[in-house]
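Remarks on the overall topology
Here are the chains, one letter per residue:
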Amino acid sequence: MQGIVVAVEATARLQGYRDAVLSWAPEIAQRDFGPVGAMMGYDFHLNDDGPKLIEVNTNAGGAFLNALLAKAQKACCSDVDRALIGARDDRFETSVVAMFESEWRRQRGAGSPRRIAIVDDRPEEQYLYPEFVLARQLLLKHGIDAVISDASELKYDGGKLRLDGQEIDLVYNRLVDFTLDRPEHASLRTAYQDGAVVVTPNPHNHSLFASKRNLTLLSDPAALEAFGLSLEMRSRLAGVPRTTLVTPDNSDAAWQSRKEMFFKPHSGHGSKAVYRGDKVTKGVWAEISRGGYVAQAFASPGQRIIEIDGAPTPRKMDVRLYTYDGQVLLAAARLYQGQTTNFRTPGGGFAPVLVI
């Protein structure tokens, strides 16, 4: 999995790949201010063929909760204690602080951010709000002022982005408005475009890594070779299931092979509007066939047996690597039932990863 992450990040540095993915990205994503994207998430299915990278996320949720969970694990023996990834010392904390400082220096050149805003829409209503609180506590502990804010409360005036009159140096961006298009995000959008605030992850990061359309290139050996990616890195990216664009012209062929496919919208998030091909109805297909979707070869998830009310019960499993600049900060699993990951399955949710 780490090898696949390194290969994706190496591809994203190639000019040919960057030109290709930015050709279908919006205007706001074209400029590179320097940051490479805080807290990336690489999601894998594990099966008999090895790990398969099913998607990349630029605002991956759950890292701070999983770091707390790992500290709470009670190891049965020293071997298990050593096997817990990320977690029982302060390595995750120090890595997170270093990550935000690095993002700052990539845009500003020197120094450190004085005040960081953790930003989302109506953050207190978000399912993962507790981890915003954990992130703020972590930053405060290490001497960085941090606030949690609704993006609509940010104001841009006099060349400064402010919250309640106080200047914001860096925005830890948890919005799913990846292009900052919504009217309530206008102040953040303008401040970002003017380079008046460091935003991470930002629209440029999302366009390089997380647009589902990028998977059509990352899974295409011929395209990767044309970009100049080395043979070793191309072999690693065999771990990306073949992904193609769905268009009105090829929709009939895609319908015929749908049972071996997963269909995902280009700019989707959180498993919304994602369909397993063998479950697609004619009505849903009418929407998919109009375009705006990719078809990804089905990669079966792993499975684990857990105990629920005393009974052994199977659950599907994926693994998420939280990374920064290609380095793994933390690993976590998600257990679930159904077509896609969710947090509604009894016995499901986040689970620790042990490396043996």
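Residues numbered from 1 in each chain as written. Predicted model: local features only at pLDDT ≥ 70, side-chain atom pairs only at ≥ 80, totals over all residues. Heavy atoms only, no water.

**Examining the overall build of the protein chain**
Selection rule: The helix and strand labels rest on DSSP assignments: H or I over at least four residues marks a helix, E over at least two residues marks a strand, and numbering proceeds from the N terminus. To get the radius of gyration, use the C-alpha atoms; to get the globule rule, take the number of residues to the power 0.38 and multiply by 2.2 Å. Only protein chains enter the accessibility calculation, which uses a 1.4 Å probe; a residue whose area is less than 20% of its type maximum is buried, one above 50% is exposed, and one in between is partly exposed.
Scanning the protein chain from N- to C-terminus turns up 13 helices and 17 strands. Relative to the globule expectation of 21 Å for 356 residues, the C-alpha radius of gyration of the protein chain, 21 Å, shows essentially globular dimensions. The principal-axis extent of the C-alpha atoms belonging to the protein chain is close to 55 × 55 × 40 Å. Scored against the burial criterion, the 356 residues of the protein chain give a buried share of 52%.

**Quick look at the sheet that holds strand β4 (residues 145-150)**
Applied cut-off: When DSSP locates at least two bridges between a pair of strands, those strands are taken to pair. Working convention: axes come from line fits to C-alpha atoms, limited for helices to the stretch in contact. Angles between N-to-C directions cover 0 to 180 degrees. Throughout, a residue-residue contact means that at least one pair of heavy atoms, one from each residue, lies within 4.5 Å.
Here 4 strands make up an open sheet; going across it, the order is β4-β3-β8-β9 and the pairing parallel. Two strands in the sheet have a free side with no partner beyond their single neighbour: β4 and β9 (198-200). Sheet twist, expressed as the average angle between the axes of neighbouring strands with direction ignored, equals 25 degrees. Bridging between strand β8 (residues 170-173) and β9 involves 3 bridges; their strand directions are parallel. Bridge pairing links Y172 to T200 in β9. On the sheet, helix α6 (residues 129-141) packs against β3 (115-120) and β4 and is oriented at approximately 155 degrees with respect to β4.

**With respect to the pattern of salt bridges**
Note the threshold: Counted as salt bridges are all cases of a side-chain nitrogen of Lys or Arg within 4 Å of a carboxyl oxygen of Asp or Glu.
Applying the stated criterion across every chain yields a total of 18 salt bridges. The closest approach of N and O atoms between D121 and R182, which form a salt bridge, is 3.3 Å. Note that D121 is positioned in the loop between β3 and α6 and R182 in the loop between β8 and α7 (186-193), a separation of 61 residues in sequence. Residue D121 is classed as buried on the basis of its relative accessible area, which comes to 7%. For R182, a relative accessible area of 35% corresponds to the partly exposed category. Connected through shared salt-bridge partners, D43, D318, R320 and R334 make up one network.

**With respect to the packing of helix α3 (residues 63-72) against α6**
Definition in use: Our angle categories are set so that under 35 degrees counts as roughly parallel, over 145 as roughly antiparallel, 65 to 115 as roughly perpendicular, and the remainder as oblique. We call Asp, Glu, Lys and Arg charged. Ala, Val, Leu, Ile, Met, Phe, Trp, Tyr, Cys and Pro are nonpolar, and the rest, Gly among them, are polar.
With their axes 8 Å apart at the nearest point, α3 and α6 run at an angle of 75 degrees to one another. With respect to each other, α3 and α6 are oriented roughly perpendicular. Contacts between α3 and α6 involve A63, F64, L65 and L68 on the former and, on the latter, P130, E131, L134, A135 and L138. Its residues placed into classes, the contact of α3 with α6 shows 8 nonpolar, no polar and 1 charged.

**Examining the side chain of R115**
The test is simple: Side-chain atoms alone can form a polar contact between residues adjacent in sequence; in general such a contact is a pair of N or O atoms within 3.5 Å, and within protein one must be able to donate a hydrogen while the other accepts it.
Inspection of the secondary structure puts R115 in strand β3. Given a relative accessible area of 18%, R115 falls into the buried group. Among the polar contacts listed, one links the side chain of R115 to the side chain of D145, at a separation of 2.8 Å. Setting aside anything within four residues of it in sequence, one finds R115 in contact with D145, Q166, E167, I168, D169 and L170.

**A look at helix α1 (residues 2-12)**
Most of α1 is tucked away: 8 of the 11 residues are buried. Three or more residues of α1 are buried, namely I4, V5, A7, V8, E9, A10, T11 and A12.

**Side note on the sheet that holds strand β6 (residues 160-163)**
Pairing is antiparallel across the open sheet formed by 3 strands, whose spatial order is β5-β6-β7. Whereas interior strands pair on both sides, the edge strands pair on one side only; in this sheet they are β5 (155-157) and β7 (166-167). Bridge count for β5 against β6 is 3 bridges, and the pairing is antiparallel. In the strand pairing of β6, D157 is matched with K160. Along the sheet face, α7 touches β5 and β6 and points at about 45 degrees away from the line of β5.

**Observations concerning unusual backbone geometry**
In this model, T200 is joined to P201 through a cis peptide bond whose omega is -10 degrees. By secondary structure assignment, the location of P201 is in the loop between β9 and α8 (203-209). The backbone of M39 sits at a positive phi, close to 55 degrees, despite the residue not being glycine. Inspection of the secondary structure assignment puts M39 in the loop between α2 (15-22) and β1 (40-47). Even without glycine at this site, L180 takes up a positive phi of about 55 degrees.

**With respect to the packing of aromatic side chains**
Geometrically, a pair of aromatic rings is defined through the distance of the ring centres and the angle of the planes. Convention followed: Working definition: rings of Phe, Tyr and Trp (its six-membered ring) pair if their centres are within 6.5 Å, and the pair is stacked with planes under 30 degrees apart, edge-to-face with planes over 60 apart, and tilted otherwise. Two conditions define a charge located above a ring, namely a distance within 6 Å from the ring centre to NZ of Lys or CZ of Arg, and an angle within 35 degrees of the ring normal.
In total, this model carries 9 aromatic pairs according to the counting rule given. Each member of the aromatic cluster is reached from another via a ring pair, and the members are F64, F92, F100 and Y172. Above the plane of the ring of W104 lies R108, whose end atom (NZ or CZ) is 5.5 Å from the centre.

**Observations concerning the nonpolar core**
Spelled out, the test is: Buried Ala, Val, Leu, Ile, Met, Phe, Trp, Tyr and Cys residues that are joined via side-chain atoms within 4.5 Å together make up what is termed a nonpolar core.
V8, Y17, Y42, L53, F209, F227 and L237 are the most contacted members of the largest nonpolar core, which has 39 residues in total. Broken down by element, the residue count for this core peaks at 6 residues, all from α1. Each residue touching Y17, except ones within four places of it in the same chain, is listed here: T11, A12, L208, N214, L217, L218 and F227. Counting residues in hydrophobic clusters, the runner-up holds 28 residues, among them A38, F92, Y324 and A332.

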